[in-house]
Every structure is written in C-alpha cells, then in structure tokens.
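Letter by letter, the chains look like this.
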Amino acid sequence: MTGWRRIGPSAGLAAWAAAALPLARAALTASDEPLRSGGTWAVGLDLLPNEASGRVGGVDLPWADLGLAPEPLHRAQLSTVFPGYPQPSPDESAQAFAFRRNRDAAHLDGLLPIGPDRHRMVKEPHGWILGLPLNDSTGSPLVVWEGSHEMLRKALLAALSPHPPPTWGDIDLTEAYAAARRQIFASCPRIELPTRPGEATLLHRLTLHGVAAWAEAASAPPEGRIIAYFRPLLPSVQDWLLMP
Ligand SMILES: [Fe+2]
C-alpha cells in the first residue's frame, strides 16, 4: 500500500474541472480571506459553490471514475498557490517557515493545534482526501511520503490505545506525531504529484503530505495554481485510525 493513487485522465473529470474553474476564479476573487505565506497562498476553505453531490456548474462529479462511493460533500477547498511560494510572513515563525520551505509543510490533515500550547489533537477525522486540479500548472505540486500512513497509524494507535476510544479526539498527540514524522522523513520516499485538469489524486487519510515550494521554472495561469480538495468526515476518530 502506497497511501496515494493517481486517477484519470478521464473525460468526466476534465468536464468537472472545466465547469468548476470559472466558479473557483470568481469565488477566490470575491473572498476577503487574507493570503498567507507572504501573499503566495490562498487557503480557500469551503469556497467552491458545489452541491452536496459534488455537482458544480451543472456537471456531476464522476464518482465512478474516482472509484469512490458517493457521499455528501462539503464545499471544496480551493488551495491556490502563486509563484514564489512560500514567502516569510508575520504570522509564521522562522522555524515554521523553514519547515514549509524545506519540508513542504508536511502534515497530517485533521490533526489540529489546540489551545495556546498548540497541542495536536484529531479534531477532523476525514475519510479520504481527494485533490482535483482545476487549471494547468506545474507550480507547487502536492507532495506525499509513500507508505507514511501505516507508520502514522502505528504510532498514533500506540499513543491512543491506553485511552478509551471515545476520548481519542481529546488526547494530545504532539510528541507521538513529531516522532513519527521524523521517522517518516528518514525512511519514506518523498514523491511530488503534479496533476493536470482531468486527473485527480486520492490520498489515504493518514498519509503525510504537503505542498512543494514553487520551482523557478514552474508555470501557472494568472489566477495561480488551483487544486480543489474534498475531505468528508468519518463518524469517529476510532474509524479514522482503524479503518483500512
Ligand atoms: Fe493537507
């Protein structure tokens, strides 16, 4: 198991991306969310005006092409990256910026920094992570650490198993996560996954992933490189950790 899968190209995915792009451009233009990383990244949470079925701009999300069972979806994130990503910014420490530039801001989705001491806890147990590129760009591809999902599963399970499963979302995983991440950097292949409209990337929910720094030779349209992400939630942290 690699923890990731490239899907397509398919005509259905290409039609979906083409229908989503003008709506994504409009939503990003209208958004008043401040850019991060010195103006080189729009996080774009919940910005795409898709229906719960995934349908957008009159075009259905081709679930069969994705190999997924249809389920209700949130509005897609529109992660938008501009040339020069990442740049330092006042809301990021020098250490965090270095990690973003040198380690692709590698992270596990759903493990959020909680409280003033930013203790890591599983607050968003996603079922899977689906990335759908909306425009043609070689800039800042998604990066995955192949096989990292099973290492994270083992490490987090060891940290959580002394506690009753209903409390797992409130357990501090900071140390277990940091140790697992170090082990992953030392042993898992880092793989860049550039994609084009009409393709998709499906990540196992426990796969360590990030965003590559913008390469000097990379190209993008004026609106930046836009990838739409869906991450529907599971009922529990127990499911998140134990499901295949
Ligand atoms: Fe992520």
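K.L.:
What is the right way to read the overall build of the chain from this model?
P.N.:
A count of helices and strands for the chain gives six helices and 11 strands. The C-alpha radius of gyration of the chain comes to 18 Å, within 12% of the 18 Å expected for a compact globule of 244 residues. Summarising its shape, the C-alpha atoms of the chain cover approximately 50 × 40 × 35 Å along the three principal directions. Buried positions account for 39% of the 244 residues belonging to the chain. Nonlocal contacts in the chain, meaning residues at least 24 apart in sequence, comprise 84% of its contacts between residues at least 6 apart.

K.L.:
Whenever I open this one, the sheet that holds strand 11 (residues 225–230) confuses me. Can you help?
P.N.:
Strand order in the open sheet formed by six strands is 1-9-6-11-3-2, with antiparallel pairing between adjacent strands. With one partner strand each, in any of the chains shown, strand 1 (4–7) and strand 2 (41–42) form the two edges of the open sheet. Judged from the four bridges that link them, strand 6 (residues 128–133) and strand 11 form a sheet pairing that is antiparallel. Residue pairing for strand 11: Leu132 is matched across the bridge by Ala228. Its contacts with the sheet put helix 1 (residues 11–30) on strand 2, strand 3 (77–81), strand 6, strand 9 (200–204) and strand 11, and the angle it makes with strand 3 is roughly 75°.

K.L.:
Quick question: what am I supposed to make of the nonpolar core here?
P.N.:
Inside soluble globular proteins, nonpolar side chains tend to come together where they are buried. Core analysis: the biggest nonpolar cluster contains 58 residues, and Ala20, Ala24, Leu48, Leu132, Leu134 and Ala228 have the highest contact counts within it. At six residues, the largest contribution of residues to this core is made by helix 1. Aside from chain neighbours lying at most four places away, what touches Ala24 is Leu48, Leu78, Leu134, Ile226 and Ala228.

K.L.:
What is the right way to read the sheet that holds strand 8 (residues 190–193) from this model?
P.N.:
Spatial strand order, 8-7-10: three strands in an open sheet with antiparallel pairing. The strands lining the two open edges of the sheet, one partner per strand, are strand 8 and strand 10 (209–211). The mean angle between the axes of side-by-side strands here comes to 30°, regardless of whether they run parallel or antiparallel. In terms of strand pairing, strand 7 (residues 142–145) meets strand 8 through four bridges, oriented antiparallel. Paired with Val144 across the two strands is Ile191, which belongs to strand 8.

K.L.:
It is not clear to me how the environment of Ala215 should be interpreted in this structure. Could you clarify?
P.N.:
Mapping Ala215 onto the fold places it in the loop between strand 10 and strand 11. Judged by the 13 C-beta atoms lying within 10 Å of it, Ala215 is partly exposed.

K.L.:
Explain the environment of Asp109 to me, please; I cannot follow it from the model alone.
P.N.:
Structurally, the position occupied by Asp109 is in the loop between helix 3 (94–103) and strand 4 (111–114). Asp109 sits in the partly exposed class, given 19 other C-beta atoms within 10 Å. Expressed as a C-alpha distance, the spacing of Asp109 and Arg205, which sit 96 residues apart in the sequence, is 7.2 Å. The contact partners of Asp109, leaving out residues within four places of it in the chain, are His126, Ile129, Arg205 and Arg231.

K.L.:
Would you take a moment to explain helix 4 (residues 148–160) for this structure?
P.N.:
The periodicity of an α-helix, 3.6 residues per turn, causes residues three or four places apart in sequence to face the same way. The end-to-end C-alpha distance of helix 4, which contains 13 residues, comes to 18 Å, matching closely the 18 Å that a straight helix rising 1.5 Å per residue would cover. Those residues of helix 4 that sit buried are Ser148, His149, Leu152, Ala155, Leu156 and Leu160. Angular distribution of buried residues about the axis of helix 4 spans 135°; they occupy a single face of the element. The secondary structure elements touched by the buried residues of helix 4 are strand 7, helix 5 (174–187), strand 9 and helix 6 (237–242).

K.L.:
What's the story with unusual backbone geometry in this structure? I'm lost.
P.N.:
Excluding glycine, a negative phi dihedral is what most residues carry, and trans is how most peptide bonds are arranged. Cis geometry is found at the peptide bond from Gly8 to Pro9, where omega equals 5°. Within the secondary structure layout, Pro9 lies in the loop between strand 1 and helix 1. Cis peptide bonds are those with omega within 30 degrees of zero, and the linkage from Tyr85 to Pro86 qualifies with -10°. With respect to the helices, strands and loops of the structure, Pro86 is situated in the loop between strand 3 and helix 3. One non-glycine residue, Ala105, lies in the positive phi region at around 50°. If you trace the backbone, Ala105 turns up in the loop between helix 3 and strand 4. In the Ramachandran plot, Arg118 falls in the positive-phi region, its phi being about 55° despite a non-glycine side chain. In this structure, Arg118 sits in the loop between strand 4 and strand 5 (119–122).

Cut-off values and rules
- Residues numbered from 1 in each chain as written.
- Predicted model: local features only at pLDDT ≥ 70, side-chain atom pairs only at ≥ 80, totals over all residues.
- Helix = DSSP H or I, 4+ residues; strand = E, 2+ residues; numbered from the N terminus.
- Rg over C-alpha atoms; globule rule 2.2 N^0.38 Å.
- Buried ≥ 20, exposed ≤ 12 C-beta atoms within 10 Å, placed from the backbone.
- Contact = placed C-beta atoms within 7 Å.
- Pairing = 2+ DSSP bridges.
- Axes fitted to C-alpha atoms, helices over the stretch in contact; angles between N-to-C directions.
- Core = buried A, V, L, I, M, F, W, Y, C linked by C-beta atoms within 7 Å.
- Expected span 1.5 Å × (residues − 1).
- Arc of directions from axis to C-beta.

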